[in-house]
Amino acid sequence: MTEKQSGGTAVVVYGASSENIKQIYKDEVFEVGRLIAGHGHAVVCGGGRQGLMRAAIDGALSVGGEAIGVLPQFMVANAWQHPQLSRMIEVPDMHVRKQTMAGMSMAAIACPGGCGTFEELTELITWRQLGLYHGNIVILNIEGYYDSLIAQFDRAIAEGFMHEDHRSLFCVATTADEAVRLALEPVEPIRFSQKIH
């Protein structure tokens, strides 16, 4: 990803593709999609037909918003895409998928999820640290889901693996309303430390 590729007008939403999760997660992420669309922005996500990706897409579509799904070819071949996406972008692989979603977005909201969501979130935080991504990054910490990950970031800072200013690479919200508000706030032009000295 290059600096020129970041800074679209959509909000990227990361989250689980699993259906085997509590309803509260689905309800809150539906609201995330609804609120993003209500502010006039498209939702861009992995485009899946299940779990929190579906919830965000359904939320955006419920108010006539735009929901864009970015899926690698093997997922399209398996018909994993949401059937009512406003637009589907088919890409060759997972790496291009992440780059495409980030490049289309002005901000990111990481909802609860598994390995794929963790990887998307931490990679985008790294890109922001390196000046390759300039949008706000919000962790939606529903029911304390991300408490342990946030504690791990704090420990990394305390033990010298991350710089103090890296805690400002992301912010944390506990509700959909707070997450969307933080995502859409003006971005502070911060130059983050690159190395620990």
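Notes on the structure in this doc start here.

Rules behind the numbers
Residues numbered from 1 in each chain as written. Predicted model: local features only at pLDDT ≥ 70, side-chain atom pairs only at ≥ 80, totals over all residues. Heavy atoms only, no water. Helix = DSSP H or I, 4+ residues; strand = E, 2+ residues; numbered from the N terminus. Rg over C-alpha atoms; globule rule 2.2 N^0.38 Å. Buried < 20%, exposed > 50% of the residue type's maximum accessible area, 1.4 Å probe, protein only. Contact = heavy atoms within 4.5 Å. Areas by Shrake-Rupley, 256 points an atom, 1.4 Å probe, with all protein chains shown as cover. Lys, Arg positive; Asp, Glu negative; His and termini not counted. Charge placed at Lys NZ, Arg CZ, Asp CG, Glu CD. Salt bridge = Lys/Arg side-chain N within 4 Å of Asp/Glu carboxyl O. Polar contact = N/O pair within 3.5 Å; in protein donor to acceptor, adjacent residues only side chain to side chain. Disulfide = S-S within 2.5 Å. Phe/Tyr/Trp six-rings, centres within 6.5 Å; stacked < 30°, edge-to-face > 60°.

Structural notes on the overall build of the protein chain
Logical step 1: Looking only at helices and strands, the protein chain features seven helices and seven strands.
Logical step 2: In the protein chain, the succession of helices and strands from N to C terminus is β-α-β-α-β-α-β-α-β-α-β-α-β-α.
Logical step 3: The C-alpha radius of gyration of the protein chain comes to 16 Å, within 12% of the 16 Å expected for a compact globule of 197 residues.
Logical step 4: The dimensions of the protein chain, computed from C-alpha atoms along their principal axes, are 50 × 35 × 30 Å.
Logical step 5: Per-residue burial over the protein chain gives 48% buried out of 197 residues.
Logical step 6: Of all intrachain contacts in the protein chain linking residues separated by at least 6 positions in sequence, the fraction that spans at least 24 positions is 71%.
Logical step 7: As displayed, the protein chain has an accessible area near 9500 Å², and 52% of this comes from carbon and sulfur atoms.
Logical step 8: Here the protein chain carries 15 positive and 22 negative side-chain charges, and the mean point of each set is 4 Å from the other.

Quick word on the pattern of salt bridges
Logical step 1: Inspection of every chain in the model, using the stated rule, returns ten salt bridges.
Logical step 2: Close ionic contact of E31 with R34 constitutes a salt bridge, the shortest N to O distance being 2.6 Å. Of this pair, E31 and R34 both sit in helix α1 (residues 23–38), three residues apart, roughly one helical turn.
Logical step 3: E31 sits in the partly exposed class, given a relative accessible area of 25%.
Logical step 4: A relative accessible area of 29% places R34 in the partly exposed class.
Logical step 5: In this structure, E185 engages R181 in a salt bridge whose closest nitrogen and oxygen atoms are separated by 3.1 Å.
Logical step 6: A residue is classified by how much of its surface remains accessible, and E185, at 35% relative accessible area, is partly exposed.
Logical step 7: Judged by its relative accessible area of 45%, R181 falls in the partly exposed class.

Some thoughts on the side chain of S105
Logical step 1: Along the chain, the position of S105 falls in strand β5 (residues 105–110).
Logical step 2: Residue classification places S105 among the buried positions, given a relative accessible area of 1%.
Logical step 3: Engagement of the side chain of S105 in a polar contact is seen with the side chain of Y133, the distance being 2.8 Å.

Observations concerning helix α4 (residues 94–103)
Logical step 1: Buried within α4 are the following residues: R97, K98, M101, A102 and G103.
Logical step 2: Among the residues of α4, the N-terminal cap falls to D93, whose side-chain oxygen and the backbone nitrogen of H95 are separated by 3.1 Å.

Re the state of the cysteines
Logical step 1: Summed over the entire model, instances satisfying the criterion amount to zero disulfides.
Logical step 2: Note on C45: no disulfide assigned, nearest cysteine sulfur contributed by C111 at a separation of 9.7 Å.
Logical step 3: C171 takes part in no disulfide bond, and the closest cysteine sulfur to it belongs to C111, at a distance of 13 Å.
Logical step 4: Among the residues examined, C171 registers a relative accessible area of 23% and is labelled partly exposed.

A closer look at the packing of aromatic side chains
Logical step 1: What the rule picks out here adds up to five aromatic pairs.
Logical step 2: Summarising the aromatic geometry, the rings of F118 and Y146 are spaced 6.3 Å apart at their centres and angled 70° between planes, so their arrangement reads as edge-to-face. Taken as a pair, F118 in helix α5 (residues 115–129) and Y146 in the loop between β6 (136–140) and α6 (147–158) lie far apart in primary sequence, 28 residues in all.
Logical step 3: Owing to a relative accessible area of 33%, F118 belongs among the partly exposed residues under this scheme.
Logical step 4: Aromatic ring contacts, followed pair by pair, group Y25, F118, Y145 and Y146 into a single cluster.

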